[in-house]
Amino acid sequence: MTAEDGRLRQDEDASSEDARSMEDVRFMKMALALAEKGRGRTSPNPMVGAVVVKDGEVVGRGWHQKAGGPHAEVHAIDDAGERARGATLYVTLEPCNHTGRTPPCSEKILAAGIRRVVTAMDDPNPKVTGGGNGRLRAAGVAVTAGVCEAEARRQNEIFVKHITTGRPFVVVKCAATLDGRIATRTGDSKWVTGPEAREYVHALRSELDAILVGIGTVRADDPSLTARLSSGGGKDPIRVVLDTHLTLSPDRKMFHAGSTAPTLIATGPAPPADRPEALNKYKRREALEKASGRAVLEKAGGREALEKAGGRIIEAPLADGRVDLAALMDILGGMDIASLLVEGGAAVIGAFIRAGLADRLDLFFAPKLLGGEGIPICSGPGPARMAEAIGLSDVSIHRFGPDMMIRGYPIKNCENFG
């Protein structure tokens with residue numbers, strides 16, 4: 001073979017590899033689109049999509065539809081049937097190799113005779129990462145990992161945060177005027193944004209596990225905190241109210257909104273029994289339980305137990321005289337609450353940002369100006385210099401009718417903030 005023949009052969013090999021890479025990306029994007037079908041329905045599990053491809057043709061499709069149900073690989077392989085033998089499986093998350101609520105997907109893949117597996121991202125669970133791919137490779141299956149990894153990790157940002165830290169992924173949302181006011185000087189906030197933006201927020205409530213507000217928002221707005229989609233079929237989030245001194249009134253709308261979602265009231269520790277306020281707090285607790293018609297869980301029993309019981313009053317540690325938000329995130333995460341939407345007022349939003357607990361900001365801005373006093377997006381102490389401001393990464397802009405939403409991820413360097 002001449003030198004020229006060798007160069008041509010190398011060019012052909014490179015061209016073939018490029019074509020295969022492009023094909024892998026194309027089919028993985030199909031799998032990512034299928035995974036989206038499970039958004040809001042799989043928590044605390046991840047969203048996963050899978051396609052089975054044979055001779056360049058998709059012969060099987062599947063996605064994880066709900067927690068406790070069959071995984072995406074199972075649906076896709078069953079859809080392909082006998083055509084799965086010798087085929088390639090594209091899946092957005094490394095197949096599991098352990099028995100949980102369902103059998104290991106790695107065994108299903110081997111039994112089906114899949115020849116090659118292409119994954120987008122490794123399982124972020126530190127207890128199992130690499131196990132599925134390792135099992136497949138050991139059995140002679142060709143495994144290609146990391147195709148469209150960035151897209152897959154962003155899609156499953158909630159799962160990644162919860163499984164690696166034990167805390168929920170926190171989305172802070174607010175609606176403001178262009179001059180940064182979430183309400184007028186009298187507290188009026190209905191409505192800052194238009195119906196398109198509000199419809200999206202209700203969809204967001206339906207997707208996430210829980211929604212949190214402060215007692216000040218409850219007093220001012222008396223919200224029901226439900227997911228009211230114009231198309232119907234929304235899932236109400238678990239409601240969390242920050243109420244350090246347990247002053248919430250049982251006549252509030254959230255207790256009478258006809259929702260099956262439980263309500264959690266995060267309060268401070270009970271005062272010593274020999275102090276008068278201890279009896280008052282006990283009576284308020286009793287009244288709240290009676291108003292909601294729900295028993296109080298004595299221990300965190302996971303999301304399923306929480307939903308069956310209906311609600312809980314959480315006695316959390318205090319920090320600077322208020323509920324310790326970091327400790328509360330640990331408590332909620334331990335209940336398998338994997339995602340939390342913070343819709344609090346200025347004090348609550350500021351507290352989450354200052355504590356470095358906000359994972360994503362969804363900030364809506366309406367083309368309006370108050371032109372004077374009003375309630376700002378955040379209240380509380382801030383930095384002394386602009387150089388110490390909290391930056392955002394991966395910023396994107398979305399339009400909802402006349403309004404816009406700026407989405408960004410805080411760069412968590414808050415030691416100089418407050």
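Our structure's up above, just so we're on the same page.
What comes next is a walk through the structure. (Residues numbered from 1 in each chain as written. Predicted model: local features only at pLDDT ≥ 70, side-chain atom pairs only at ≥ 80, totals over all residues. Heavy atoms only, no water.)

**Describing the side chain of R239**
With respect to the element layout, R239 can be found in strand β9 (residues 238-242). Despite being buried, R239 has no salt bridge partner; D236 is the closest side chain of opposite charge, sitting 6.2 Å away. A polar side-chain atom of R239 sits 3.0 Å from the main-chain carbonyl oxygen of S224. (Helix = DSSP H or I, 4+ residues; strand = E, 2+ residues; numbered from the N terminus. Buried < 20%, exposed > 50% of the residue type's maximum accessible area, 1.4 Å probe, protein only. Lys, Arg positive; Asp, Glu negative; His and termini not counted. Salt bridge = Lys/Arg side-chain N within 4 Å of Asp/Glu carboxyl O. Polar contact = N/O pair within 3.5 Å; in protein donor to acceptor, adjacent residues only side chain to side chain.)

**Focus: the sheet that holds strand β1 (residues 49-54)**
With mixed pairing, the 5 strands of this open sheet are ordered in space as β2-β1-β3-β4-β5. The open sheet has two free edges, formed respectively by β2 (57-63) and β5 (142-144), since each of these has just one partner strand. The sheet shows a mean angle of 20° between the axes of neighbouring strands, direction not considered. Sheet topology note: the β1/strand β3 (residues 88-93) ladder contains 4 bridges and is antiparallel. By the bridge assignment, V53 is partnered in β3 with T88. (Pairing = 2+ DSSP bridges. Axes fitted to C-alpha atoms, helices over the stretch in contact; angles between N-to-C directions.)

**Brief notes about unusual backbone geometry**
With an omega of 5°, the peptide bond running from S43 to P44 counts as cis. Note that P44 resides in the loop between α1 (3-35) and β1. The phi dihedral of D55 is positive, around 55°, even though this residue is not glycine. On the secondary structure map, D55 appears in the loop between β1 and β2. We classify D55 as exposed; its relative accessible area is 80%. Look at L246: it is not a glycine, yet its phi comes out positive at around 55°. Relative to the helices and strands, L246 is located in the loop between β9 and β10 (263-267).

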